[in-house]
Amino acid sequence: MSQTDRTREHLIETYRRKAKHYDITSQFYPVPGYPQRAYRRRAVQALGLRPGDSVVDIACGTGLNFSLIEQLIGPGGRIVGVDMTDAMLAQAQRRIETRRWSNISLVHADAAEFEFPTGVDAILSTYAMTQVPECGDVVARGAAALARGGRWVVLDLKIPDTVPWWLLQLGIAMARPFGSTDAWVGRRPWDTIRAAMQDTLADLSWTELFFGTAFLAAGRPARPRDDH
């Protein structure tokens, strides 16, 4: 088994264990006091959604972003939630049934292998893309599938560029539960994501959050958007 496969299996097992209580424990992720919900809302707002839009939520987990997206796209819109962990998708399905949403479909797939629907209006990934070894390829394939004026938004964790000792320790603590910390720090996947977005999208914005331990990146194709 390759290192990539071992990382993938570790992530699946980790999230299987976390799935049942993820909605509660995620409120304190990555550290108590981190404004995760506010940042999620900010990421969804960065999608620039309109009623009727279609959205792909990559590594959607239990569907924590769904209600924020639904408020903007309405019942005429569509959400495709993608995740590689069956237990997380089971929780997402319960959320869908509880809220009686009829415009959300779930796909059990690795982000690295998912085939984006052509002409999707927006793609979102929150706190997941840096864990995907092929994150640059995922960004590029998503960008190619976007409709005119569509928007790709990534909210995730990183190590600050100028790293005081205490912040480095914080970053390591953030990554430790999800895989090889040394590998994550060494790969610097946030740099890969930024480069891929710069190569495939226009009007890229990159905002550092929480003392540089997180980032919000957003971009869109250079072409003007079609009206529905």
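Predicted model only: the values in this text are computed from it and were never measured. (Residues numbered from 1 in each chain as written. Predicted model: local features only at pLDDT ≥ 70, side-chain atom pairs only at ≥ 80, totals over all residues. Heavy atoms only, no water.)

1. A few points about the overall build of the protein
What counts is decided by this rule: Secondary structure counts use DSSP, requiring at least four H or I residues in a row for a helix and at least two E residues in a row for a strand, with both numbered from the N terminus. Here, residues are in contact when the closest pair of their heavy atoms is within 4.5 Å. All accessibility values rest on the Shrake-Rupley procedure with a 1.4 Å probe; residue burial counts only the protein chains present in the view.
Per the secondary structure count, the protein includes 9 helices and 7 strands. Taking all contacts inside the protein whose residues are at least 6 apart in sequence as the whole, residues at least 24 apart take part in 75%. Only carbon and sulfur atoms are counted for the fraction: they give 51% of the accessible area of the protein, which is about 10600 Å².

2. Considerations on the pattern of salt bridges
Heads up, the condition is: Every case where a carboxyl oxygen of Asp or Glu lies within 4 Å of a side-chain nitrogen of Lys or Arg is listed as a salt bridge. For every residue, the accessible area (1.4 Å probe, protein chains only) is compared with the maximum for its type, and the residue is labelled buried under 20%, exposed over 50%, or partly exposed between those bounds.
Across all of its chains, the model carries 2 salt bridges by this definition. In this structure, the salt-bridge partner of D191 is R188, at a minimum N-O distance of 2.6 Å. When its relative accessible area of 34% is taken as the criterion, D191 is described as partly exposed.

3. What to know about the nonpolar core
Rule in force here: As used here, the term nonpolar core means buried Ala, Val, Leu, Ile, Met, Phe, Trp, Tyr and Cys residues forming a set that is joined through side-chain atoms within 4.5 Å.
In this structure, V56, I58, F116, M129 and W152 are the most contacted members of the largest nonpolar core, which totals 58 residues. Considering every element that reaches this core, the biggest residue donor is strand β5 (residues 146-157), with 6 residues. If sequence neighbours within four positions are ignored, M129 has contacts with I58, C135, V138, W152, V154, D156 and I193.

4. Re the side chain of D83
Summarising the element assignment, D83 is placed in strand β2 (residues 78-83). Taking relative accessible area as the criterion, D83 reaches 8% and is therefore assigned buried. Residues in contact with D83, not counting those within four places in the same chain, are A59, C60, G61, M88, L89, V107, H108 and A109.

5. Let's talk about the sheet that holds β5
Defined as follows: We treat two strands as partners when DSSP finds at least two bridges between them. Lines are fitted to the C-alpha atoms to define the axes, a helix being fitted only along its stretch in contact, and any angle between axes, read from their N-to-C directions, falls within 0 to 180 degrees.
Pairing within the open sheet is mixed, and its 7 strands lie in the order β3-β2-β1-β4-β5-β7-β6. What marks the edges here is a single partner per strand, and that holds for β3 (104-108) and β6 (202-209). Looking at each pair of strands side by side, their axes are set apart by 15° on average, direction ignored. Pairing of strand β4 (residues 120-126) with β5 involves 6 bridges; the strand directions are parallel. When the sheet's bridge partners are listed, V120 is paired in β5 with L146. Helix α4 (residues 66-73) rests against β1 (54-58), β2, β3 and β4 of the sheet, and its axis sits at about 160° to β2. Against the sheet, helix α6 (residues 135-145) engages β4 and β5, with an angle of about 155° to β5.

6. Considering the environment of A214
Tracing the sequence through the fold places A214 in strand β7 (residues 214-220). For the pair A214 and L157, spaced 57 residues apart in the sequence, the C-alpha separation amounts to 4.0 Å. Those residues in contact with A214, other than ones at most four positions away along the chain, are Y34, D156, L157, K158, T207, E208 and L209.

7. With respect to helix α9 (residues 189-200)
Rule in force here: To estimate the expected span of a helix, subtract one from its residue number and multiply by 1.5 Å. By construction, the arc corresponds to the directions joining the helix axis to the C-beta atoms.
With 12 residues, α9 should reach 16 Å at 1.5 Å per residue; the first-to-last C-alpha distance of 16 Å fits that figure. When α9 is considered as a whole, its buried residues turn out to be P189, W190, I193, A196 and M197. Down the axis of α9, the smallest arc covering the buried residues is 125°, so these residues share one side.

8. Quick notes on the packing of α6 against α9
Angle between the axes and distance between the axes are the two parameters that describe a pair of packed helices. Going by this rule: Angular relationships are summarised with four words: roughly parallel below 35 degrees, roughly antiparallel beyond 145, roughly perpendicular across 65 to 115, and oblique for the angles in between. Whether a crossing is left-handed or right-handed is set by the direction in which the near helix is turned from the far one by less than a right angle, anticlockwise for left-handed and clockwise for right-handed. Under the grouping applied here, Gly and all other residues not named as nonpolar or charged are polar, the nonpolar ones being Ala, Val, Leu, Ile, Met, Phe, Trp, Tyr, Cys and Pro and the charged ones Asp, Glu, Lys and Arg.
Where α6 meets α9, the closest approach of the two axes is 8 Å, and the angle between their N-to-C directions is 25°. Here α9 runs roughly parallel to α6, going by the angle between their axes. Crossing of α6 against α9: the hand is right-handed. Residue-level contacts link C135, G136, V139, A140 and A143 of α6 to P189, T192, I193, A196, M197 and T200 of α9. Among the residues forming the contact of α6 with α9, the class breakdown is 8 nonpolar, 3 polar and no charged.

9. Quick word on the packing of aromatic side chains
This is how it is decided: Stacked, tilted and edge-to-face are the three classes applied to pairs of Phe, Tyr and Trp rings, where Trp contributes its six-membered ring and a pair requires centres within 6.5 Å; stacked means planes under 30 degrees apart, edge-to-face means over 60, and tilted covers the rest.
Within this structure, the stated rule accounts for 8 aromatic pairs. Aromatic side chains F66 and W101 sit 6.4 Å apart centroid to centroid with 75° between the ring planes, which places their arrangement in the edge-to-face category. Residue F66 is located in helix α4, and its partner W101 is located in the loop between α5 (86-99) and β3; the two are separated by 35 residues in the primary sequence.

10. Here we look at the packing of helix α3 (residues 36-46) against α4
Two elements in contact, α3 and α4, have axes separated by 10 Å at closest approach and are oriented at 35°. For the pair α3 and α4, the crossing hand works out as right-handed. From α3, R37, R40, R41, V44 and Q45 reach across to α4, where they touch S67, L68, I69 and L72. Partitioning the contact of α3 with α4 into residue classes produces 4 nonpolar, 2 polar and 3 charged.

Scope: geometric values only; no functional claims are made or implied.
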